[in-house]
Amino acid sequence: MKSEPAWLDVRLAETQPDLLAAQRLRYRVFVGELGADGPLVDHDAQLERDEFDPIVDHLVLVDTRRDPAAGNHVVGVYRLLRGDAAERFGRFYCDDEYDLTPLRGSGRRLVELGRSCVDPAYRGGSGMFMLWNALADYVLDNGIEIMFGVASFHGTDIEALAPALSWLHHHHLAPPELRPTARPPNAQTMDLIPADRLDRRAAMTAMPALIKAYLRLGGVVGQDAWVDHAFNTTDVFLLMDTAAMSERHRKFYQDRWQGA
């Protein structure tokens, strides 16, 4: 395994410049690249933000060669909302899209992952690995038992996404006792192509890399997708029950994401 670049660092956001740089990166990716929008997006300042930002932990990938005063030193970000913080706030981000009753009733320690993105110049290298490595430490430090969040397909053309969505439905549904369900009116069935007519290669080719990474770690999905017209995405609910991971997945998680 290649060593991590000495000029990259991962930490929880510590300052207002860290938060602003994270929101600026999110703007470049979600608004600039993917065409997203929202009521709190600041187009003048080029900041993608919402009401959850003040209560979450922002795990940021920082290029230490860049001056924080320039506002572009954050080159990767993960937004983390622990169950206790969500309870105080009144909801998770995913509550607008999915009925989380099964997870709330599980009695398990939860964390919601969101707004994951990496600057285009840093994709394909060790940056995402470093973020996952730090995420693993965060999960262990906080005794997290279930990680979850929505992961997105770009666009809302369901016909084009049908092979990938159908593969998730037929092969990766979460167990019923933990399975959230998409809320109407934006709920979209993923049971679009019969299992015996699916082409695995076509399905996986259309699958975003982040979703494939979760699946390799034993991740499973909720019932139905949710079409997000504001963000120009089709969202699927992903969760990972760390206690139920097989030994094979557990070893993969430890070796690859904790740097063992």
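Above this note sits the structure.
Predicted, not measured: the structure shown is a model, and the values here were computed from it. (Residues numbered from 1 in each chain as written. Predicted model: local features only at pLDDT ≥ 70, side-chain atom pairs only at ≥ 80, totals over all residues. Heavy atoms only, no water.)

Undergrad: Help me out: how do you make sense of the pattern of salt bridges in this one?
TA: Two side chains carrying opposite charge are able to pair once their charged atoms lie near each other. Here the structure, examined in full by the defined rule, presents 21 salt bridges. Residue arginine 104 is joined to aspartate 95 by a salt bridge in which the shortest nitrogen-to-oxygen separation is 2.6 Å. Judged by its relative accessible area of 12%, aspartate 95 falls in the buried class. Each member of the salt-bridge network shares a partner with another, and the members are Arg26, Glu48, Asp50, Asp53, Arg79 and Arg115. (Salt bridge = Lys/Arg side-chain N within 4 Å of Asp/Glu carboxyl O. Buried < 20%, exposed > 50% of the residue type's maximum accessible area, 1.4 Å probe, protein only.)

Undergrad: Could you clarify how one ought to interpret the nonpolar core in this entry?
TA: Among soluble globular proteins, nonpolar side chains are generally buried collectively. Tyr78, Phe153, Leu168, Ile211 and Val236 are the most contacted members of the largest nonpolar core, which totals 42 residues. If you tally residues by element for this core, the top one is helix H4 (residues 127-141), at seven residues. Sequence-distant contacts of isoleucine 211, that is, excluding residues within four places in its chain, are made with Ala151, Phe153, Leu168, Val236 and Leu238. Formed by 20 residues, the second largest nonpolar core is a distinct cluster that contains Val56, Phe92, Leu110 and Phe237. (Core = buried A, V, L, I, M, F, W, Y, C linked by side-chain atoms within 4.5 Å. Helix = DSSP H or I, 4+ residues; strand = E, 2+ residues; numbered from the N terminus. Contact = heavy atoms within 4.5 Å.)

Undergrad: How do you make sense of the environment of glycine 149 when you look at a structure like this?
TA: Of note, glycine 149 is situated in strand S6 (residues 146-154). For the pair formed by glycine 149 and proline 102, sequence separation is 47 residues and the distance between their alpha carbons is 14 Å. Excluding its chain neighbours within four sequence positions, the residues that come into contact with glycine 149 are Cys94, Glu112, Leu113, Val236, Phe237 and Leu238.

Undergrad: Looking at this structure, I do not really get the packing of aromatic side chains. What am I missing?
TA: Each aromatic ring pair is specified by the distance between its two centres and by the angle formed by the two planes. Under the defined criterion, the tally for this structure stands at seven aromatic pairs. When the ring of phenylalanine 92 is compared with that of phenylalanine 148, the centres are 5.1 Å apart and the planes differ by 75°; the resulting orientation is edge-to-face. Taken together, the residues phenylalanine 92 in the loop between helix H2 (83-89) and strand S4 (98-99) and phenylalanine 148 in strand S6 connect sequence positions 56 residues apart. Phenylalanine 148 carries the same exposure label as phenylalanine 92, and that label is buried. In this structure, arginine 65 is placed above the aromatic ring of tryptophan 7, and the distance from its NZ or CZ to the ring centre is 3.6 Å. (Phe/Tyr/Trp six-rings, centres within 6.5 Å; stacked < 30°, edge-to-face > 60°. Lys NZ or Arg CZ within 6 Å of the ring centre and 35° of its normal.)

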